Amino acid sequence: MKRILIVGATSAIACACARLWAADRSELFLVGRDREKLQQTCADLQARGARSVTAFVMDAGDIAAHSAMYDQCLATLQTVDICLIAYGSLPNQHACEQSVEQAMAQFTNNGSSVIALLTLLANRMAVQQGGTLAVISSVAGDRGRPSNYLYGAAKAAVSTFCEGLRARLFKSGVHVITIKPGFVDTPMTHGLTLPSWLIAQPDTVARRIVAGINRQVAVLYVPGFWCAIMLTIRAIPQSLFKRLNL
Amino acid sequence: MTASLTSWGNYPSAPQSAHPCHWQADVGPQWQRLTESHSTTLPFGNGRSYGDSCLAGSDHVLQLRPLNRFIEADWDNGELCAEAGVTLGEILQLAIPRGWFLHVTPGTQHVTLGGAVANDVHGKNHHRCGTFAHSLMCFGLHRSVQPPMVCSPQENPQWFAATIGGLGLTGVITWARIRLRKIQSSLIDSTRVRFDCLDDFFALSADMDARHEYSVAWIDCLAKGNALGRGCFTAGDHRETGPLEATAPHSMSISICPPVSLINPFTLKVFNLHYWKRQPPDRQYRTVAYNPFFYPLDSIEHWNRLYGRKGFQQFQCVLPASVAAVAVGELLKSIACSGRGSFLAVLKRCGDIPSPGWLSFPMPGTSLALDFPQDIELTKKLFPCFDAIVREAGGRLYPAKDAHMSGTDFRQAYPAWEQLEAMRDPALMSRLWQRVIR
């Protein structure tokens, strides 16, 4: 049994993780934008065995609301064993190239708002002297590819932030895990044309994430083969990389 | 990504473009988009229908498997409400450790709740419990042109009756509430008896069905002459004491689809002979886990791939009790003569509990299910011969398994088809329905 805060709780990966934790009789505090979806997710987890499930409606882009959300979470759970940050959106790269407004909005949603939330959570968890901050970043953050570099840049910011935070919080007994999923079969990737062997199911991804959190892994590629793929992509020299359309 | 979906038999081969619904609120907008671009669609669950009943006329389906949340679980009274894409296996994973089981389960746990209702599935206890509708309390039905409604025997009873066994044509089932049955153990006390001919099956069935909740028989359909209709009868009941353990269904998987069927006259002969010889001549009592008892084929993930790229067809009919013995004999004779045995040949007596569903398949009598690798000869020679026997006997075929029956036979066997057609949502159409109502 664990006490778990999930921000972006209606995302497919978060739901799949939450189901595993629910089966383990955990107490869950779910944060999301959409009240109806949150309620449906709560009911599902309750039926699957969660000891308690609480819903909290918040737009993670509303940075001013973060603090009150965490107060409420702490009042409900008493202590927090795991914080899973799972929200994000896959922007249309072309639209982001054309519109500064879109580019900044997407960067805020996938990057700076996560950093804002992590800054708050880090301080609160440091006081608690324990627990795990699990952050869903992306393989896209490992290299700026022309097809997806706005999203990649935001995720790179998150990954780098987490790396520093991990070293800082290590001294306080708080663990930070950076989770880098590849392509997962979720509403976010619907419509992309991808070879089927590259696509992982949310259940498979969730099992690896939950196990990775338990093992206190620092950086977790899901599925694991993405580690090799990204190693190869990172090894491509700039002179060649700029000529490719990855 | 847009996934491509197929029916379980992969015949007819008609890949379906999947349009997933992840939330109940997605159903309306997604459906409307599809109606605008392709005029009709069809709800698609987990693709366990064998033939073309799960294929949309437009080849664009509303994929409901992602709608897989539980809505409410009352473990005190054994009532469960869940979204339509939840599979029976997922229900069992939760229910068994809490001492509950499904009232009625088909031979695979990978069907969705919505699919179980839309095909009014039945199982090894049909003689005791009837079809899946027996455990169904109510469900939510979404129609393209009216607000979502709740259907139960009391509320919107016409829609309730039309939708049970309604092949997904009356609307999209978004959720369902079912009753569960209490169990003391996840183990099954099973009895196996070998029988030497068809008459022995009927005698055994009459005797065993009265004493056991579950019963089914495997037939060696390559046996001829005096041995015609020999096989093995299996009966079972939930054990009174023991552990309550839900186990994972898969132990192995067929990861690739071979270019040709691995199930052919040679492998069948070896299998049937070996399987028959393995059955003990005397009555054998064993305690087995629920998985191998109810879902033997689920232990091999993607077993349908064994039939190769051309796929396979299942012929499942039910024959009225008064003529069942003669008609089953004739069917088995024509298979034995053709030399094209079936890997899976299942005989089961159906009881007389009526289903509220208008187009429900079972009737009091005996059901026979046979699988054949797809080839041209099947639809040209063997099936017309089978169809004539079933027609003569006043029996009918199972739409959920079918990919060949003629419109005349369908309309004769299911006279309520006109009522269903009148209540069909104009924005829904399946390949099966296109085929049989003309």
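Quick caveat: nothing in here was measured; it's all calculated off a predicted structure.

Rules behind the numbers
- Residues numbered from 1 in each chain as written.
- Chains lettered and ligands numbered in written order.
- Predicted model: local features only at pLDDT ≥ 70, side-chain atom pairs only at ≥ 80, totals over all residues.
- Helix = DSSP H or I, 4+ residues; strand = E, 2+ residues; numbered from the N terminus.
- Rg over C-alpha atoms; globule rule 2.2 N^0.38 Å.
- Buried ≥ 20, exposed ≤ 12 C-beta atoms within 10 Å, placed from the backbone.
- Contact = placed C-beta atoms within 7 Å.
- Pairing = 2+ DSSP bridges.
- Axes fitted to C-alpha atoms, helices over the stretch in contact; angles between N-to-C directions.
- Core = buried A, V, L, I, M, F, W, Y, C linked by C-beta atoms within 7 Å.
- Domains from an automatic or database assignment.
- Parallel < 35°, antiparallel > 145°, perpendicular 65-115°, else oblique.
- Nonpolar A, V, L, I, M, F, W, Y, C, P; charged D, E, K, R; others polar.

Right, let's talk about the overall build of chain B for a bit. Regarding its fold elements, chain B presents 13 helices and 20 strands. For 438 residues, the compact-globule estimate of 2.2 N^0.38 gives 22 Å, and the C-alpha radius of gyration of chain B, at 21 Å, lies within 12% of that figure. Taking the principal axes of its C-alpha atoms as reference, chain B extends roughly 60 × 50 × 45 Å. Buried positions account for 54% of the 438 residues belonging to chain B. Long-range pairs, those at least 24 residues apart, make up 76% of the contacts in chain B between residues at least 6 apart in sequence.

With that settled, the discussion passes to the sheet that holds strand β1 (residues 4-5) of chain B. All names here are of chain B. Pairing is mixed in the open sheet, where four strands are placed in the order β1-β2-β4-β3. At either margin of the open sheet sits one strand with a lone partner, and together these are β1 and β3 (43-44). Where β1 meets strand β2 (residues 16-20), two bridges bridge the pair, whose relative direction is antiparallel. Bridging across to β2, Leu-5 finds its partner in Gln-16. Across the sheet, helix α1 (residues 24-38) lies against β2 and β4 (60-63), angled at about 180° from β4, the strand it touches most.

A few words now on unusual backbone geometry. That bond from Val-222 of chain A to Pro-223 of chain A is cis: its omega, -15°, falls within 30 degrees of zero. Mapping Pro-223 of chain A onto the fold places it in the loop between β7 (219-222) and α8 (225-235). Non-glycine residue Asp-59 of chain B carries a positive phi angle of around 65°. Secondary-structure assignment places Asp-59 of chain B in the loop between β3 and β4. Classification of Asp-59 of chain B as partly exposed rests on a count of 16 C-beta atoms within 10 Å.

On to the nonpolar core. In terms of nonpolar packing, the biggest core is built from 196 residues, with Ile-6 and Leu-28 of chain A touching the most fellow members. For this core, the leading source of residues is helix α1 (residues 12-23) of chain A, giving nine residues. Two domains each put at least three residues into this core: domain 1 (4-63 + 428-436) and domain 2 (64-404) of chain B. Not counting chain neighbours up to four residues away, the residues in contact with Ile-6 of chain A comprise Ala-14, Ala-18, Leu-28, Leu-30, Val-31, Leu-84 and Ala-86 of chain A. One finds Leu-187, Ile-188, Phe-293 and Phe-294 of chain B within the second-largest nonpolar core, a separate group that totals five residues.

Turning to the packing of helix α5 (residues 100-128) of chain A against helix α6 (residues 149-170) of chain A, a few remarks are in order. All names here are of chain A. Running from amino to carboxyl end, α5 crosses α6 at an angle of 10°, the nearest separation of the two axes being 8 Å. One way to sum up the angle between α5 and α6 is to call them roughly parallel. Here Ala-103, Gln-106, Phe-107, Asn-110, Gly-111, Val-114, Ile-115, Leu-118, Ala-122 and Ala-126 of α5 lie close against α6, whose contacting residues are Leu-150, Tyr-151, Ala-153, Ala-154, Lys-155, Ala-157, Val-158, Phe-161, Leu-165 and Leu-169. A per-class count over the contact of α5 with α6 returns 16 nonpolar, three polar and one charged.

Sheet strands associate in pairs through backbone hydrogen bonding, adopting either a parallel or an antiparallel arrangement. All names here are of chain A. In space, the seven strands of this open sheet follow the order β3-β2-β1-β4-β5-β6-β7, with parallel pairing throughout. Across the chains shown, the open sheet's two edge strands, defined by having one partner strand only, are β3 (52-57) and β7. Ignoring strand direction, the axes of neighbouring strands in this sheet form an average angle of 15°. Sheet topology note: the strand β2 (residues 27-32)/β3 ladder contains six bridges and is parallel. The residue bridging Phe-29 from the neighbouring strand is Thr-54, located in β3. Helix α2 (residues 35-47) contacts β2 and β3 of the sheet and is inclined by roughly 175° relative to β3.

Here we come to the interface of chain B and chain A. Interfaces are frequently sized by the accessible area removed from exposure as the parts join. Between chain B and chain A, the contact holds twelve residues from the first and 15 residues from the second. With four residues, the top contributor of residues to the side of chain B that touches chain A is strand β5 (residues 70-74) of chain B. In terms of residue class, the side of chain B that touches chain A is made up of eight nonpolar, two polar and two charged.

Residues and elements named next belong to chain B. With domains assigned, chain B is organised as domain 1 (4-63 + 428-436) and domain 2 (64-404). Distance between the C-alpha centres of domain 1 and domain 2: 23 Å. Contact with domain 1, which involves 31 residues of that partner, is made by 33 residues of domain 2. Looking at the side of domain 1 that touches domain 2, the element that brings in the most residues is α1, giving five residues.

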